[in-house]
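Observations on the model geometry
Listed below, chain by chain, are the residues.
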Amino acid sequence: MNAALATLPILVTLGLLALSVRALYASLAALATALVLTATSFRTPLGDLGDAQLHMLPTIVELGAILFGGILLSELMTRTGAQSRMGNWIGSACSSPSRAVLLVMLGVTPFAESLTGFGIGVIVAIPLLRQLGLPPAKAAVVGLLGLVTVPWGSLAPGSLVAAELGDVDFQQLGIDSALLSAPVFLICGAATLVVALGARRALASAGDLLLAVAALWGTVWAVNTFIGVPLAGVLGGLVTMVVLLVVSRMLERDGAEGKREPIGRTLSPYAFLVAGLLVSRLILESAGVKEGWWTVVAGPGGWLLVTAALTPKLLGAGEPVLGPAAVAAIGRWWQVTLTTVVFLTLGTVLTVTGMSRELAEACATIGSSYLVLAPWIGAVGGFLAGSNTGANAMFAASQANTAEALGYSTGHLVAVQNVSAALASGASSARVVLAAQLAQNAPGPAAPPKAPEPAGTSAPSSSPSGTATGTMTTPVVQTAVNADTDTDADRPVDTRWVLRTVLSVHALVFLTTGVIAVLWQ
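Predicted, not measured: the structure shown is a model, and the values here were computed from it.

Cut-offs used in this document
- Residues numbered from 1 in each chain as written.
- Predicted model: local features only at pLDDT ≥ 70, side-chain atom pairs only at ≥ 80, totals over all residues.
- Heavy atoms only, no water.
- Helix = DSSP H or I, 4+ residues; strand = E, 2+ residues; numbered from the N terminus.
- Contact = heavy atoms within 4.5 Å.
- Areas by Shrake-Rupley, 256 points an atom, 1.4 Å probe, with all protein chains shown as cover.
- Axes fitted to C-alpha atoms, helices over the stretch in contact; angles between N-to-C directions.
- Parallel < 35°, antiparallel > 145°, perpendicular 65-115°, else oblique.
- Nonpolar A, V, L, I, M, F, W, Y, C, P; charged D, E, K, R; others polar.
- Phe/Tyr/Trp six-rings, centres within 6.5 Å; stacked < 30°, edge-to-face > 60°.
- Buried < 20%, exposed > 50% of the residue type's maximum accessible area, 1.4 Å probe, protein only.
- Expected span 1.5 Å × (residues − 1).
- Salt bridge = Lys/Arg side-chain N within 4 Å of Asp/Glu carboxyl O.
- Left-handed = near helix turned anticlockwise from the far one by under 90°.
- Patch = residues over 30% accessible without salt bridge, like charges linked within 9 Å, V, L, I, M, F, W, Y side chains within 5 Å.

The helix and strand tally for the protein chain stands at 25 helices and zero strands. In the protein chain, of all internal contacts separated by at least 6 residues, the share reaching a separation of at least 24 is 84%. Split by element, the accessible area of the protein chain, about 21400 Å² in all, is 65% carbon and sulfur.

Printed below as a string of structure tokens:
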């Protein structure tokens, strides 16, 4: 009976989200349900509840700072045109179709998403994919499949929540999540090449795929192991981009180098942020500080705020942009943050009152077979909540308790939860709609110059707006695979096809993760 009651807050959340109720209202309804159960069936002293929430206060503050700093930085990069310049530069650097697509999918998207989160990787990647020549629907799928480093998105607040509620070491969770991400990178990368280039060309591009996956996975694992969790996705995406660009420069001799504009200043905010995080990490480690308010101030939240404040000067913005960008960021930030805090509070209540333990004991009754289902449980939360943080707030504690009941490694099962929920959040309805709209509205590659018109006729005077500099973007992918005609490219994106394609790829990942969980004894 208690186990059935303990499922009510989660069922309320999932049910309301499935009915397209906004995540904030769904989380508030679930929290209200949990509080009613706390007052009736799972009686808990108010002092214990208060102590638990007080213990989570630094995490809540850090989450709020990370969310606001990430949104503000993204807003500033958009308003100054820096994101557009970065995309155009990368798009001109590869003429190989496979490397161009992988550069965006396993380089640009993980880098942008890990740095700022909230689907920013998709926002950066899809316009670039359209410029490379992918039709809108395929660009939407590839953009969504690129969300493979969401456990480290926004500098890893979702993983931080999983570690806190699952009572596992944060850095060890990052290492375990990195190990589990190898098949995620490989399967999603292979599917991307099939969607973008076709099965035959994808098979011929296996070398490029293995190179990109090795660069991303090796860096993510190494950073989690030797530096820390927050920067793993950022540096992984950055190293992958560098590796593919170096290989392209060595193998491709098309004269494109002379046409590319300097990109150093455009990347300066990202370089400043990464350098600041690395330096502060070393200082905290040498001082022996591993938790408390200093880690909040010197962590991702603090450095994101400092970076955002300096971004206009670093980019040489000619007009004031910080104020308007901050106003716009606040409008996007408060509801996302409030929803995240409510989900986090819900997870804490479920843990302190023993509801998570009741759920765990019920799940443990099915024995080791539960390990096959564990990725799907995390995936349901990520898909419906559209947030790794929200999904971990709901399920991380119960997954940890189930692992204890089964005599299984708690860290391993929380990592399964973390990776599965993160990947599935990229296929949430909100993300799919966003990707479809971006792909439909983003301009495709500029048309090649036409032959001179006969005398007496007039040629259009306006130039394509596919690039920020007015230069034409070479349709690398379009040239290689004879992409759809202009009529096909203008066709509305079928969101159902996009969702089915992405979920099919994800299902293969979850099956693989379940097998790994069984073998990972």
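The next subject is the packing of helix H21 (residues 410-425) against helix H25 (residues 495-519). Look at H21 against H25: their axes get within 11 Å of each other, and the N-to-C directions meet at 180 degrees. Judged by the inter-axis angle, H21 sits roughly antiparallel to H25. Residues Val416, Ser420, Leu423 and Ala424 of H21 form the contact with H25, whose participating residues are His506, Val509, Phe510, Thr513 and Ala517. Residues that form the contact of H21 with H25 fall into these classes: six nonpolar, three polar and no charged.

Inspection of every chain in the model, using the stated rule, returns five aromatic pairs. A ring pair is formed by tryptophan 221 and phenylalanine 226, whose centres lie 5.9 Å apart and whose planes are at 90 degrees; its orientation type is edge-to-face. Tryptophan 221 sits in the partly exposed class, given a relative accessible area of 30%. Considering the side-chain rings of tryptophan 376 and phenylalanine 510, the 5.4 Å spacing of their centres and the 70 degrees angle between planes classify their relative orientation as edge-to-face. Of the two residues, tryptophan 376 is situated in helix H19 (residues 370-385) and phenylalanine 510 in helix H25; the sequence distance between them amounts to 134 residues. Since its relative accessible area comes to 32%, tryptophan 376 is described here as partly exposed. Of the residues examined, phenylalanine 510 reaches a relative accessible area of 6% and is grouped as buried.

Moving on, we come to helix H13 (residues 232-251). Along its 20 residues, H13 runs 28 Å from first to last C-alpha, staying within 8% of the 28 Å computed at 1.5 Å per residue. Ala232, Gly233, Val234, Leu235, Gly236, Gly237, Thr240, Met241, Leu244, Val247 and Ser248 are the residues of H13 that are buried.

On to the pattern of salt bridges, then. For the structure on display, the rule yields three salt bridges. Residue aspartate 208 pairs with arginine 99 through a salt bridge whose shortest N-O separation is 3.1 Å. Placement of the pair is aspartate 208 in helix H12 (residues 206-226) and arginine 99 in helix H6 (residues 97-116), with a sequence separation of 109 residues. A single burial state applies to aspartate 208 and to arginine 99, both of which are buried.

This part takes up the environment of glycine 378. Along the chain, the position of glycine 378 falls in helix H19. A relative accessible area of 0% means that glycine 378 is categorised as buried. C-alpha separation for the pair glycine 378 and alanine 396, spaced 18 residues apart in sequence, amounts to 8.3 Å. In contact with glycine 378, other than residues within four places in its own chain, are Ala391, Gln399, Gln417, Ser420 and Ala421.

For the pair helix H8 (residues 136-145) and helix H22 (residues 429-441), interaxial distance at closest approach is 8 Å and the crossing angle is 135 degrees. Considered as vectors, H8 and H22 are oriented oblique to each other. The hand of the H8/H22 crossing is right-handed. Contacts from Pro136, Ala139, Ala140 and Leu144 in H8 reach Arg431, Val432, Ala435, Ala436, Ala439 and Gln440 in H22. Across the contact of H8 with H22, the residue classes tally to eight nonpolar, one polar and one charged.

Our next topic: the side chain of serine 248. As for its position among the elements, serine 248 is in helix H13. Setting aside chain neighbours within four positions, we find serine 248 in contact with Ala93, Cys94 and Arg99.

A cluster of nonpolar side chains, contributed by Leu238, Val242, Val246, Met250 and Leu251, occupies part of the molecular surface with about 450 Å² of accessible area. Note on placement: methionine 250 falls in helix H13.

Below, the discussion takes up the environment of alanine 34. With respect to the helices and strands, the residue alanine 34 is situated in helix H3 (residues 23-40). A relative accessible area of 0% places alanine 34 in the buried class. In this structure, the C-alpha to C-alpha distance between alanine 34 and glycine 347, residues 313 residues apart in sequence, is 9.7 Å. Excluding anything up to four places from it in sequence, alanine 34 contacts Pro9, Leu346, Val349 and Met355.

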